[in-house]
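# Tertiary structure, described
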Amino acid sequence: MAEAVIALKELNFKVSVDSLNTDDLLTAGRAGADYLLSLTEKTLWIADEVASTPVLIPAKPHSLPSLYRAIEACIKAGKPFIADAILDPIHFGFTNSIVRYQKLRKKYPEIPNHDGYR
């Protein structure tokens, strides 16, 4: 993985790595990945080890409180991040995921979301 990240960075690509495996995320971050996806309050320590921007998700599916705790930790540390409440596919609860997303935006209107916009 490190070789792939390095090669893409040498070609001036933005690189993001999405994994629930902490070793993969650390490897990618140390190789220069721009974004590390799927960090939770439990794996947020990885953001302290690398310069990559973490993309935060709930620790448990649909758990906004866990996402809020991760957001608050990044804000307190002054660490840039992107928050993703995770939009589910239509047949897996899309409407409820829109409601979660709206709650996230209402509670934190100034933070970047999954597409980088406020």
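To be clear, the structure that these remarks concern was listed above.
Residues numbered from 1 in each chain as written. Predicted model: local features only at pLDDT ≥ 70, side-chain atom pairs only at ≥ 80, totals over all residues. Heavy atoms only, no water.

### A short note on the packing of helix H4 (residues 64-77) against helix H5 (residues 94-107)
The N-to-C vectors of H4 and H5 enclose an angle of 35°; their axes lie 11 Å apart at closest approach. The handedness of the crossing between H4 and H5 is right-handed. Between H4, through Leu64, Leu67, Tyr68 and Ile71, and H5, the contact on the second element is made entirely by Arg100, Lys103, Leu104 and Lys107. Looking at the contact of H4 with H5 residue by residue, the classes come out as five nonpolar, no polar and three charged. (Axes fitted to C-alpha atoms, helices over the stretch in contact; angles between N-to-C directions. Helix = DSSP H or I, 4+ residues; strand = E, 2+ residues; numbered from the N terminus. Left-handed = near helix turned anticlockwise from the far one by under 90°. Contact = heavy atoms within 4.5 Å. Nonpolar A, V, L, I, M, F, W, Y, C, P; charged D, E, K, R; others polar.)

### A few points about the packing of aromatic side chains
Scanning the entire structure with this criterion turns up one aromatic pair. Across the ring face of Tyr68, the terminal group of Lys107 is positioned such that the distance to the ring centre comes to 5.1 Å. (Phe/Tyr/Trp six-rings, centres within 6.5 Å; stacked < 30°, edge-to-face > 60°. Lys NZ or Arg CZ within 6 Å of the ring centre and 35° of its normal.)

### A short note on the environment of Ala83
Here Ala83 lies in strand S4 (residues 82-83). A residue is classified by how much of its surface remains accessible, and Ala83, at 1% relative accessible area, is buried. For Ala83 and Ser66, which are 17 residues apart along the polypeptide, the C-alpha to C-alpha distance reads 12 Å. (Buried < 20%, exposed > 50% of the residue type's maximum accessible area, 1.4 Å probe, protein only.)

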